[in-house]
Amino acid sequence: MTRRRTRAWSIVLAALALPGLATAGVAPAPAGPRVSDTPTPAQSVTLEEGLQGLLDEALAANLELRISSLTVQQRLAALAQARARYLPAIDFAARYSVADGGRTIDVPIGDLVNPIYQTLEQLLAAQGQPTPFPRVRNESIDLLRSPEQETKLVLLQPLYEPRLGPAVDANRAQVARAEADLAALRAQVVRDVQQAYYRWLAAQQAVAVLDATLESARANLAANESLYRNGRVTRDLVYRAEADVLEIEQEWLATTSRVRIAASYVNLLRNARLDRPLPATTIDEAALDRFRAALLRTLAGRRLDVDRLQQLAGQQRHELKSLDSAILAGEAQKDIARAAFKPTLALGAEAGIQGTEYGFADDDRYVLASLVLRWNAFRGGADRAALDEARALTEQLRATRELAGQQVRLEVQQALERFDVAEASLGTAVKRAQAASGAFEISSRKRDLGQINQAEFIDARRAYTDAQLNVTLVRAEYLARLAELEYAIGEPRRLEQESLR
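**Overview of the overall build of the protein**
Then, number 1: In terms of regular secondary structure, the protein is built from 11 helices and six strands.
Then, number 2: The buried share of the protein, reckoned over its 501 residues, is 41%.
Then, number 3: Considering only contacts in the protein between residues 6 or more positions apart, those separated by 24 or more positions represent 85%.
Then, number 4: Summing over all exposed atoms, the protein offers an accessible surface of approximately 28000 Å²; the carbon and sulfur share of this is 55%.

Right under this line is the structure:
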């Protein structure tokens, strides 16, 4: 009779526990932690559609990308300035000045001329002729005229300037480097958005699994308390069930925190409010197949071979293109340093009016043209030192480029190995979940028949929950490793090559 009653209570317990674990969706909110504590997702979409929208927003509004794009604009403006130095420079200048005092030039005209006039007067007087010679005063000429004006147009045209061409080449290389840095940052933003979104989705699905598990554990606790009150079981089973509930609640709280943190990071990348809802979706087997097929299309049929992918990365990684441009800029700097040893020739011309008043008479107008030749004869070795500095900088950039190439090859190898491990883990995780599901079903039946104790049943339930969570994490890890591999080989799908749609 006692055994029959125990089985009856076991059947009630199974009826309360099993429905909560049979579903993978979001269960009704438990009495303890609330599902509403997590960010409310937007309307459900496909994985591709949700990711596409986030990437569009991030690439349009990310603050780091905005800063990098402004750097490109600065480099373009510097290039325009360098090119403008080929053209003549024409300036308009006007000056009107009033002077008082200052140095003077004394000319003793009277002292020189008056004695001559005096002698002539004496000769004329002796002959009875008139003496018409006046007396001349000494003159004092001011060096600063008051007032004075000068209005002119000044033209300066370089005829031979060996530094202009290398300067344009250097600025052009800097523009290419800034553009490569911007493209590299775009690729990094794409990777970061993808991985952050996958982590958020995995955490969301983990919360759903824990919701169902928590509901089942609470039902199990309620059943054990009822059995204890009726004297069917001992107190230790109640404690065991209560500890199980508390363990799941603790894990639930940690997982919901990860949901909020992951959502905030995605919103940070797209420059949105940190609590802005994200598009809700699920990571299923079909989505994984579509993403892998998209990778193979992006690679144009290339096999996932490490040597081929390393070669592809060496051609496509924008970080390496940036260093190549920096090397070109260094070569241009060497040409600029060498140009200091060559002469320069320029044409200068002025045309305008001068005088104490404004006017256009012949005495007011003037034109002046000049050919100016300059050749550096001695600067204390500064030009030679500048050339040595440019050479050292270029060699440093070449070494940096070689090191970066090795690092990229290592990144590709690591990304491919991690991707292979994640891909292999997919099948293992699914089989583990299937085995845990079967084991839990059998344990439930044995418990209903009274053949196992409560601890064994909870262990089976925990293994089943862990297996479900592991499937979610492994799928998200697979997509994250896929995004890392695409970034490593320089083929992020969202960057100008292919849409996720």
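**What to know about the packing of helix α8 (residues 306–316) against helix α9 (residues 318–339)**
Then, number 1: Contact geometry of α8 with α9 gives a least axis separation of 6 Å together with a crossing angle of 45°. What the angle tells us is that α8 and α9 run oblique. In this structure, α8 contributes A313, G314, Q315 and Q316 to the contact, and α9 contributes H318, L320 and K321.
Then, number 2: Residues of the contact of α8 with α9, tallied by class, amount to two nonpolar, four polar and one charged.

**Examining the sheet that holds strand β6 (residues 365–374)**
Then, number 1: Reading across the sheet, the four strands line up as β1-β4-β5-β6 and stay open at both edges, with antiparallel pairing between neighbours. The outermost strands of the open sheet, each flanked by one partner alone, are β1 (89–97) and β6. Each neighbouring strand pair of the sheet contributes to a mean axis angle of 20°, computed without reference to strand direction.
Then, number 2: Where strand β5 (residues 344–355) meets β6, 10 bridges bridge the pair, whose relative direction is antiparallel. Each residue of the ladder has a partner; that of I353, found in β6, is R365.

**Quick look at the nonpolar core**
Then, number 1: Counting 78 residues, the largest nonpolar core has L47, V193, Y198, W200, L479 and L485 as the members making the most contacts within it.
Then, number 2: For this core, the element with the most residues is helix α5 (residues 164–229), which contributes 20 residues.

**Focus on the side chain of D364**
Then, number 1: By the element assignment, D364 lies in the loop between β5 and β6.
Then, number 2: Notably, D364 is buried but unbridged: the nearest opposite-charge side chain belongs to R365, and the N-O separation is 7.3 Å.

**Structural notes on a nonpolar patch on the surface**
Then, number 1: A contiguous nonpolar patch, built from I105, I141, L143 and L144 and spanning about 370 Å² of accessible area, is present on the exposed surface.
Then, number 2: Secondary-structure assignment places I141 in strand β3 (residues 139–142).
Then, number 3: Among the residues examined, I141 registers a relative accessible area of 46% and is labelled partly exposed.

**Considering the packing of aromatic side chains**
Then, number 1: Tallying each qualifying case throughout the model produces five aromatic pairs.
Then, number 2: Pairing F419 with Y478 gives two aromatic rings, centres 5.2 Å apart and planes at 35°, and the pair type is tilted. With F419 in helix α10 (residues 382–448) and Y478 in helix α11 (residues 454–488), this residue pair connects regions lying 59 residues apart in the sequence.
Then, number 3: Overall, the relative accessible area of 0% leaves F419 in the buried class.

**A word on unusual backbone geometry**
Among all residues save glycine, negative phi is the norm, and among peptide bonds the norm is trans.
Then, number 1: Although it is not a glycine, N271 sits at a positive phi angle of roughly 55°.
Then, number 2: What makes N271 partly exposed here is its relative accessible area of 36%.

**Structural notes on the confidence of the model for the protein**
Then, number 1: In this model, the protein carries a mean pLDDT of 83, and residues with pLDDT of at least 70 account for 87%.
Then, number 2: Mean pLDDT across the elements of the protein ranges from a minimum in helix α1 (residues 2–22), with 35, to a maximum in α9, with 95.
Then, number 3: Low pLDDT, under 50, characterises residues 1–40; the stretch is placed with 68 contacts to residues that sit more than four places away or in other chains.
Then, number 4: Across residues 494–501, confidence stays below pLDDT 50; counting only partners more than four residues off in sequence or on other chains, it has 26 contacts.

**Things to note about helix α6 (residues 235–269)**
Then, number 1: Compared with an ideal rise of 1.5 Å per residue, which puts 35 residues at 51 Å, α6 spans 52 Å between its outermost C-alpha atoms and is within 8% of the ideal.
Then, number 2: Looking one or two places after α6, you find N271, whose phi comes out positive at around 55°.

**As for the pattern of salt bridges**
Then, number 1: Counted by the stated rule, this structure contains 32 salt bridges.
Then, number 2: With a closest N to O distance of 2.5 Å, R481 and E477 form a salt bridge. With a gap of four residues between them, R481 and E477 both fall in helix α11, about one helical turn apart.
Then, number 3: Several salt bridges share partner residues, and in doing so they unite R240, D244, E247, D459, R461 and R462 into one network.

**Description of the side chain of E148**
Then, number 1: Note on placement: E148 falls in strand β4 (residues 148–160).
Then, number 2: Separated by 3.5 Å, the side chains of E148 and R95 make a polar contact.

**As for the packing of helix α2 (residues 47–61) against α5**
Then, number 1: The contact between α2 and α5 brings their axes to 10 Å, and the two run at 135°. By the angle between their directions, the pair α2 and α5 is classed as oblique. Regarding α2 and α5, the two cross each other, and that crossing is right-handed. Contacts between α2 and α5 pair L47, G50, L51, L54, L55, A58 and L59 from the former with R186, V189, V190, V193, Q194, Y197, Y198 and L201 from the latter.

About the criteria used
- Residues numbered from 1 in each chain as written.
- Predicted model: local features only at pLDDT ≥ 70, side-chain atom pairs only at ≥ 80, totals over all residues.
- Heavy atoms only, no water.
- Helix = DSSP H or I, 4+ residues; strand = E, 2+ residues; numbered from the N terminus.
- Buried < 20%, exposed > 50% of the residue type's maximum accessible area, 1.4 Å probe, protein only.
- Contact = heavy atoms within 4.5 Å.
- Areas by Shrake-Rupley, 256 points an atom, 1.4 Å probe, with all protein chains shown as cover.
- Axes fitted to C-alpha atoms, helices over the stretch in contact; angles between N-to-C directions.
- Parallel < 35°, antiparallel > 145°, perpendicular 65-115°, else oblique.
- Nonpolar A, V, L, I, M, F, W, Y, C, P; charged D, E, K, R; others polar.
- Pairing = 2+ DSSP bridges.
- Core = buried A, V, L, I, M, F, W, Y, C linked by side-chain atoms within 4.5 Å.
- Lys, Arg positive; Asp, Glu negative; His and termini not counted.
- Salt bridge = Lys/Arg side-chain N within 4 Å of Asp/Glu carboxyl O.
- Patch = residues over 30% accessible without salt bridge, like charges linked within 9 Å, V, L, I, M, F, W, Y side chains within 5 Å.
- Phe/Tyr/Trp six-rings, centres within 6.5 Å; stacked < 30°, edge-to-face > 60°.
- pLDDT = per-residue confidence, 0-100.
- Expected span 1.5 Å × (residues − 1).
- Polar contact = N/O pair within 3.5 Å; in protein donor to acceptor, adjacent residues only side chain to side chain.
- Left-handed = near helix turned anticlockwise from the far one by under 90°.

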